[in-house]
Amino acid sequence: MSTPFDDFRNHHKGIAAELEAMEKTVESLTPQNMKAKAGELGHIVHFLLDDLTPHAQAEEGVLYPPAEGLIKAHGKATAPLEMEHRTLESLISQFHDLAESLPISDAQTLRRLQQVARQISFLVHLHIEKEEQIVLPLLEKYLSPAEQQGIMHRMHGHG
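None of these values were measured; they are calculated from a predicted model. (Residues numbered from 1 in each chain as written. Predicted model: local features only at pLDDT ≥ 70, side-chain atom pairs only at ≥ 80, totals over all residues. Heavy atoms only, no water.)

Along the chain, Lys 37 turns up in the loop between α1 (6–27) and α2 (38–74). Here Lys 37 falls in the buried class, since its relative accessible area comes to 17%. Residues contacting Lys 37, with those up to four places away along its chain left out, are Ser 28 and Leu 29. (Helix = DSSP H or I, 4+ residues; strand = E, 2+ residues; numbered from the N terminus. Buried < 20%, exposed > 50% of the residue type's maximum accessible area, 1.4 Å probe, protein only. Contact = heavy atoms within 4.5 Å.)

Turning next to the packing of α1 against α2. Packing of α1 against α2 leaves a shortest axis separation of 11 Å and a crossing angle of 145°. Like other packed secondary-structure pairs, α1 and α2 cross with a definite hand, here left-handed. Contact residues: α1 offers Phe 8, His 11, His 12, Ile 15, Glu 18, Leu 19, Met 22, Thr 25 and Val 26, while α2 offers Glu 40, His 43, Ile 44, Phe 47, Leu 48, Asp 51, Leu 52, His 55, Glu 59 and Leu 63. Residue classes in the contact of α1 with α2 are distributed as 10 nonpolar, 5 polar and 4 charged. (Axes fitted to C-alpha atoms, helices over the stretch in contact; angles between N-to-C directions. Left-handed = near helix turned anticlockwise from the far one by under 90°. Nonpolar A, V, L, I, M, F, W, Y, C, P; charged D, E, K, R; others polar.)

Further remarks concern helix α4 (residues 107–142). Taking 1.5 Å of rise per residue, the 36 residues of α4 would be expected to cover 52 Å, and the 51 Å separating its terminal C-alpha atoms lies within 8% of that figure. Of all the residues in α4, the buried ones are Thr 109, Leu 113, Gln 115, Val 116, Ile 120, Leu 123 and His 127. On its buried side, α4 packs onto α1 and α3 (79–100). (Expected span 1.5 Å × (residues − 1).)

This next bit is on the pattern of salt bridges. Counting across every chain of the model gives 8 salt bridges. Among the salt bridges present, the one from Lys 24 reaches Glu 20, with a minimum N-O distance of 3.5 Å. Separated by 4 residues within a single helix, Lys 24 and Glu 20 lie in helix α1, roughly one turn from each other. The exposure class assigned to Lys 24 is exposed, which follows from its relative accessible area of 53%. (Salt bridge = Lys/Arg side-chain N within 4 Å of Asp/Glu carboxyl O.)

Next up, the structure:
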């Protein structure tokens, strides 16, 4: 069943394809081929500035405001953080599988291991930033020190 948001989802698929192409282009760069790849780099910059940036701005200005109230009424505010945990679990599993195949003799497997490591690092840094700038300040502001201590006690497996 189609919805008015199908075009939005298709645009996200296009963004994902552009990002994948960007990664491949950037990973293929060498000091020797930079001039030859100038057109590809120009395309990437154009995509980032003229497609991805306005898309993000439109999401914040148009999509998120009505979603905010619906999430408060019907959703779960921490769902995106939990979704990141599921993604992290998948990436860790991929990294483990690739690392188990050591020594890696083919360049493609090695590049995939490096890519997964970068994805893990990026995701964890972004996730930590969200927790430290959004979650922890809310807990510190609205929970008593005893409640905060109880959370930390349970976080470390003591309850």
